[in-house]
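Remarks on the overall topology
Listed below, chain by chain, are the residues.
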Amino acid sequence: MTLLTLQNVTATYGASQALFGVDLEIGEGQSVGFMGRNGMGKTTTVKTICRMLPARGKMQFDGQDLQRLPSHRAARLGIGLVPEGRRCFPDLTVEENLGAAARRGHWDLSNVYTLFPRLKERRRQVAASLSGGEQQMLSIGRALTTNPRLLILDEATEGLAPIVRQEIWTAIATLKHETGMALLVIDKTLKEMRGACDRAVLLERGRTVWAGPMDDLTLELTETYLGV
Amino acid sequence: MSREALVNSAALLLLVAVPVWALWADEPFTITLATRAVIFALAAAGLNIALGWGGMVSLGHAVYFGLGGYAMGVLAFHAQNYTPLMDWPFTITGTKSMPVIWLVAMISSAVAALVIGLLALRTSGVYFIMITLAFGQMVFFFAISWPTYGGEDGLSIYVRNSFPGLNTLVPIEFYGLCLSVLCVILFLNARLIRSPFGLALNAARQVPHRVETVGMNPTRLKLSALVISGAVTGLAGALFADLNRFVSPTMLSWQMSGEIMVFVIIGGVGRLFGPVVGACLFVLLEHFLGGVSEYWQVFLGLVLLGIVLFGHGGVVGMIAGRGRTHD
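This one's a predicted model, so the numbers in the text were calculated from it and none came from an experiment. Per chain, the residues get numbers from 1 upward, laid out in the order the sequence is written. The naming scheme follows written order: chains are lettered A onward, ligands numbered 1 onward. In view of the model being predicted, local features appear only for residues whose pLDDT reaches at least 70, and side-chain atom pairs are presented and counted only at 80 or more, with totals across whole chains, interfaces and linings using the full set of residues. As a rule here, side-chain values cover all heavy atoms of the structure and leave hydrogens and water aside.

Turning to the overall build of chain B, a few remarks are in order. Per the convention used, a helix needs a DSSP run of H or I reaching at least four residues, while a strand needs a run of E reaching at least two, with both numbered from the N terminus. Along its length, chain B carries 13 helices and four strands. Based on the C-alpha atoms only, the size of chain B along its principal axes is roughly 55 × 50 × 40 Å. Scored against the burial criterion, the 327 residues of chain B give a buried share of 53%. Long-range pairs, those at least 24 residues apart, make up 77% of the contacts in chain B with a sequence separation of at least 6. Exposure was quantified through the Shrake-Rupley algorithm and a 1.4 Å probe, taking into account, for residues, occlusion by the shown protein chains and nothing else. With the model as given, the accessible surface of chain B reaches about 14300 Å², and the carbon-plus-sulfur share is 70%. Counting 15 positive and 13 negative side-chain charges, chain B places the averaged centre of each group 17 Å from the other. The classification of residues rests on relative accessible area computed with a 1.4 Å probe and restricted to protein chains. Under 20% of the type maximum is buried, over 50% is exposed, and intermediate values are partly exposed. The contact criterion used is simple: two residues touch if any of their non-hydrogen atoms lie within 4.5 Å. Counting rule for charge: Lys and Arg are taken as positive, Asp and Glu as negative, and neither His nor the chain ends is counted. A charged residue contributes its charge at one atom only: NZ of Lys, CZ of Arg, CG of Asp or CD of Glu.

So this is what it looks like as structure tokens:
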């Protein structure tokens, strides 16, 4: 069953157009790698899905028209976002960050601590005092406690130490294999994306240029659209 | 126990000890002074919910303080004159019962906060401040031009209202009642700020757009906080009017809004006991410096300047350190 549908979505920042026709489909429990070079519109697409940026075109989540919803209502439908950068609530402790937006479901404090044991050790620390990697784990944990049906991870491993990146990818693999949550993963590391995602969608200059199973993503495509 | 918890405990201890000493030393005026400080602390504790935890710089909190005062004044005025408040479509009589007056004060202030918040929260920053100020001035001039309840001269109540089991005319009993109300509100504030609502409000103050992405509506959170804040400040207004047995448009003036904000800033914005410490210091300065010079507010200005420039956490912050804002 299709969870998220984007058809010919366009969006602008003031007078400058950023998206020219994005198509994206994510099925229930599916993990999709959303790829493209810098400035191609990946984060802009995420902002339109989360209703942080007005857009045109067909946008549906679980059969409901996203265009009619404000940002918080879209999140309540079951769209969880781990935003680009480590955007926790800086003055709240780890536990308070996780509790501030928590909704009932599988992902409670104990399950988040099982996924990221480091957060349990730091549970009384304010988010601003955590390392970059810990803040990223907290950001993922906070999105999980809203118990989303679709989790969007926007550059979740960017700028992190290799060992922390590995922890994050392990967590993403756990989410993929052990929960029924759909994932939309944005990242620049192709090798890890191949392992984590079932399908890939390539974006070029604000347009979807290719979509298909991750196994069909050829070297030619990655060289053309990702430069790797 | 954290340093802030120690500061809070010391403040509470002083609030109990000073009036007990005053009673022992037969200094009833000191008890009245302490009562004034406690009521101001309650008003500021209300503002602290909006300002400290919700990040809303409201320059119109005198509306709620004054409405609370007028709720008391109007109800008691009709009770003492044996005239009904309204006759049609049903009869409403006045009352001298404090619990009823408090309820009316809180409800009317909460409704006012809801209406003001619905409009003011469409904006932010300086526009929010201006809208709250504009509402304050509207209500102030309305009170001045309403002769039924005294207009500019205000409204006197001959006998303090009653509370079951207490003789509220005895200063120490009325003080105990006010302190109990303050303690209950501070306890509820502490619970509120640690509740999911309080955490979300705190998060909405820090980064409103991030709160939206986790499914919460920052405007609704702030509106709820403003309504609670208004209700608490309204309750303080009712007690203040009862303390003076008098209510006038002064309670609704923008200077009053400024004073309530000064209590919070001196004590510590977003600190649980910041409003208490701030209000007590203000009353002390007002009393002692006011005896030295009629321009005592110049000194208050210097104190405020020093705190704003050198102590961001107010007096509580300077003593207890930066730390968490709601310990």
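The next thing to look at is the packing of helix α6 (residues 132-144) of chain A against helix α7 (residues 162-178) of chain A. In a packed pair of helices, the relevant descriptors are the angle between the two axes and the axis-to-axis distance. Residues and elements named next belong to chain A. At a closest axis distance of 10 Å, the pairing of α6 and α7 adopts a crossing angle of 15 degrees. In this view, α6 runs roughly parallel relative to α7, as classed from their interaxial angle. As α6 runs across α7, the sense of the crossing is right-handed. Contacts from G133, Q136, M137, I140 and L144 of α6 reach α7 at V164, E167, I168 and L175. Its residues assigned to classes, the contact of α6 with α7 comprises six nonpolar, two polar and one charged. Simply put, an axis is a line fit to the C-alpha atoms, just over the touching stretch for a helix, and the angle between two N-to-C directions goes from 0 to 180 degrees. Note on angle classes: values under 35 degrees are labelled roughly parallel, values over 145 roughly antiparallel, values of 65 to 115 roughly perpendicular, and the remainder oblique. Take the far helix as the reference: if the near one is turned anticlockwise from it by less than a right angle, the crossing is left-handed, and if turned clockwise, right-handed. Gly counts as polar in this scheme, as do all residues outside two lists: the nonpolar Ala, Val, Leu, Ile, Met, Phe, Trp, Tyr, Cys and Pro, and the charged Asp, Glu, Lys and Arg.

With that settled, consider the side chain of S257(B). Residues and elements named next belong to chain B. Within the fold, S257 resides in helix α10 (residues 254-267). Residue classification places S257 among the buried positions, given a relative accessible area of 2%. Here a polar contact means two N or O atoms within 3.5 Å. Within protein one must be a hydrogen donor candidate and the other an acceptor candidate, and residues neighboring in sequence count only if both atoms are side-chain atoms. For S257, the side chain forms a polar contact with the main-chain nitrogen of H61, separated by 3.4 Å. Look past the residues within four positions of S257 in its chain and what remains in contact with it is L59, G60, H61 and A62.

So, on to the confidence of the model for chain B. Across chain B, pLDDT averages 93, with 98% of residues at or above 70. In the predicted assembly, ipTM is 0.81 and pTM is 0.89. On a range of 0 to 100, pLDDT expresses the predictor's confidence in each residue.

Turning our eyes to something else, we now look at the interface of chain B and chain A. Between chain B and chain A, the residue contacts involve 18 residues of the former and 22 residues of the latter. Buried area: the accessible surface (1.4 Å probe) lost by two parts on joining, summed over both. Summing the contributions of chain B and of chain A, the shared interface buries around 1800 Å²; its carbon and sulfur component is 59%. Every case where a carboxyl oxygen of Asp or Glu lies within 4 Å of a side-chain nitrogen of Lys or Arg is listed as a salt bridge. Here chain B is connected to chain A by zero salt bridges. In this structure, the connection of chain B to chain A is made through five residue pairs in polar contact (both at pLDDT 80 or more). If you list the elements that add at least two residues to the side of chain B that touches chain A, you get α7 (196-206) and α8 (208-213) of chain B. Of the residues forming the side of chain B that touches chain A, the biggest block, seven residues, is contributed by α7(B). Split by residue class, the side of chain B that touches chain A holds eight nonpolar, six polar and four charged.

Backbone geometry follows two general trends: most residues other than glycine have a negative phi, and most peptide bonds adopt the trans configuration. Residue W88(B) is joined to P89(B) through a cis peptide bond whose omega torsion reads 5 degrees. Positionally, P89(B) belongs in the loop between β1 (84-86) and β2 (92-93). One non-glycine residue, N8(A), lies in positive phi territory at about 50 degrees. You can see N8(A) is positioned in strand β1 (residues 2-13). With phi around 50 degrees, R245(B) is a residue other than glycine that occupies positive phi space. Turning to its location among the elements, R245(B) is positioned in the loop between α9 (218-244) and β4 (246-247).

Let us now look at the nonpolar core. Among the nonpolar cores identified, the biggest contains 109 residues, and L42(B), F65(B) and L182(B) are the most heavily contacted of them. Take this core: its biggest share by element is 17 residues, from helix α2 (residues 28-53) of chain B. With residues near it in sequence (within four places) discarded, L182(B) still touches L15(B), V38(B), A41(B), L42(B) and V276(B). In plain words, nonpolar cores are sets of buried Ala, Val, Leu, Ile, Met, Phe, Trp, Tyr and Cys residues tied together by side-chain atoms within 4.5 Å. Among the nonpolar cores identified, the runner-up in size contains 42 residues, and A127(A), W169(A), L175(A) and M181(A) belong to it.

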